[in-house]
Amino acid sequence: MTLQALMSLAMNTFLTALFALLIAFPAAAHEFEVGKLKIIHPVAQATSPNAEPTETIGYFRVRNDSDKADRLMSVSAPEISDVIQIMFAQPDEPGISSNAMTELDIPANQETVLTPNANHIMFAKLKGPLPLESSFPAVLRFEHAGEVTVIFNVEGASDPHSH
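What you see is a predicted model, and the numbers here were worked out from it, not measured in a lab.

A.B. asks: Mind laying out the pattern of salt bridges, listing which residues take part and the relevant values?
C.D. replies: One pass over the structure, following the stated rule, counts eight salt bridges. The shortest N-O distance in the salt bridge between lysine 38 and glutamate 33 comes to 3.7 Å. On the basis of relative accessibility, which here comes to 54%, the residue glutamate 33 falls in the exposed class. With a closest N to O distance of 3.0 Å, aspartate 105 and arginine 71 form a salt bridge.

A.B. asks: Lay out unusual backbone geometry in plain terms, naming residues and giving numbers.
C.D. replies: A positive phi angle, close to 50 degrees, is found at histidine 41, a residue other than glycine. Checked against the element boundaries, histidine 41 lands in strand S2 (residues 37-45). Of the residues examined, histidine 41 reaches a relative accessible area of 5% and is grouped as buried. Notably, lysine 125 is not glycine yet its phi reads approximately 50 degrees, a positive angle. Looking at where lysine 125 falls in the secondary structure, it is placed in the loop between strand S9 (120-124) and strand S10 (135-142). The exposure class of lysine 125 is exposed, given its relative accessible area of 65%.

A.B. asks: Hey, could you go over the pairing of strand S3 (residues 55-64) for me, with residue numbers and the actual values?
C.D. replies: Most of S3 is tucked away, with seven of its 10 residues classed as buried. Across six bridges, the pairing between S2 and S3 is antiparallel. When the sheet's bridge partners are listed, valine 43 is paired in S3 with tyrosine 59. By the bridge criterion, four bridges tie S3 to S9 in an arrangement that is antiparallel. In the strand pairing of S9, glycine 58 is matched with isoleucine 121. Across four bridges, the pairing between S3 and strand S8 (residues 110-113) is antiparallel. Looking at S8, one finds that asparagine 64 is bridged to glutamine 110.

A.B. asks: Tell me about the side chain of glutamine 45, residues and numbers included.
C.D. replies: Here glutamine 45 shows up in strand S2. Among all residues touching glutamine 45, those that are not within four sequence positions of it are Thr56, Ile57, Tyr59, Pro116, Leu130, Val154, Glu155, Gly156 and Ala157.

A.B. asks: Got a sec to walk through the environment of arginine 61? Specific residues and values, please.
C.D. replies: Mapped onto the elements of the fold, arginine 61 is located in strand S3. Overall, arginine 61 belongs to the partly exposed group, its relative accessible area being 21%. The spacing of arginine 61 and threonine 115 is 54 residues in sequence and 8.5 Å in space, taken between C-alpha atoms. Polar contacts involving the side chain of arginine 61 include one to the side chain of glutamate 111, which spans 3.1 Å.

A.B. asks: Outline the confidence of the model for the chain, listing residues and values.
C.D. replies: Mean pLDDT over the chain works out to 83, with 73% of the residues at or above the 70 mark. Confidence drops under pLDDT 50 across residues 14-28; counting only partners more than four residues distant or on other chains, this segment forms one contact. Confidence over residues 159-163 falls short of pLDDT 50; this stretch has 14 contacts with residues more than four positions distant or in other chains.

Scoring rules and cut-offs
Residues numbered from 1 in each chain as written. Predicted model: local features only at pLDDT ≥ 70, side-chain atom pairs only at ≥ 80, totals over all residues. Heavy atoms only, no water. Salt bridge = Lys/Arg side-chain N within 4 Å of Asp/Glu carboxyl O. Buried < 20%, exposed > 50% of the residue type's maximum accessible area, 1.4 Å probe, protein only. Helix = DSSP H or I, 4+ residues; strand = E, 2+ residues; numbered from the N terminus. Pairing = 2+ DSSP bridges. Contact = heavy atoms within 4.5 Å. Polar contact = N/O pair within 3.5 Å; in protein donor to acceptor, adjacent residues only side chain to side chain. pLDDT = per-residue confidence, 0-100.

What follows is the structure in structure tokens.
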């Protein structure tokens, strides 16, 4: 095989592998930054296609790479809901009880995880259904880092941080 043929084969192999990586890992790039905060994989649960949607929950991870704590002050997503709350879920017998919080602390140099069964975002009085594989923008407002627009991917009711 000639050097030119080997280089052409190597380039084709490289481009094929690069294309496969770009297609295989779109969720890995589902991150947003503001200041020294990184918001990782915002997800909202899909609503049932068989019922009038009233609410859903959202969750994500926030990595604070700063030496200063921050706070999530509010979430807005007027495209889907005008009533959005930061919720604290506390397990009790026999289920889970949720209480609205005015803000969520984001400790310095740590990762804060919002999940369906703990802290999460409640999108209430939905304006319409949220089908699987759709998405919507939301603005997260932090006390120190400021505002950032993120995209919530709509997924099934599994833990989004397991993939």
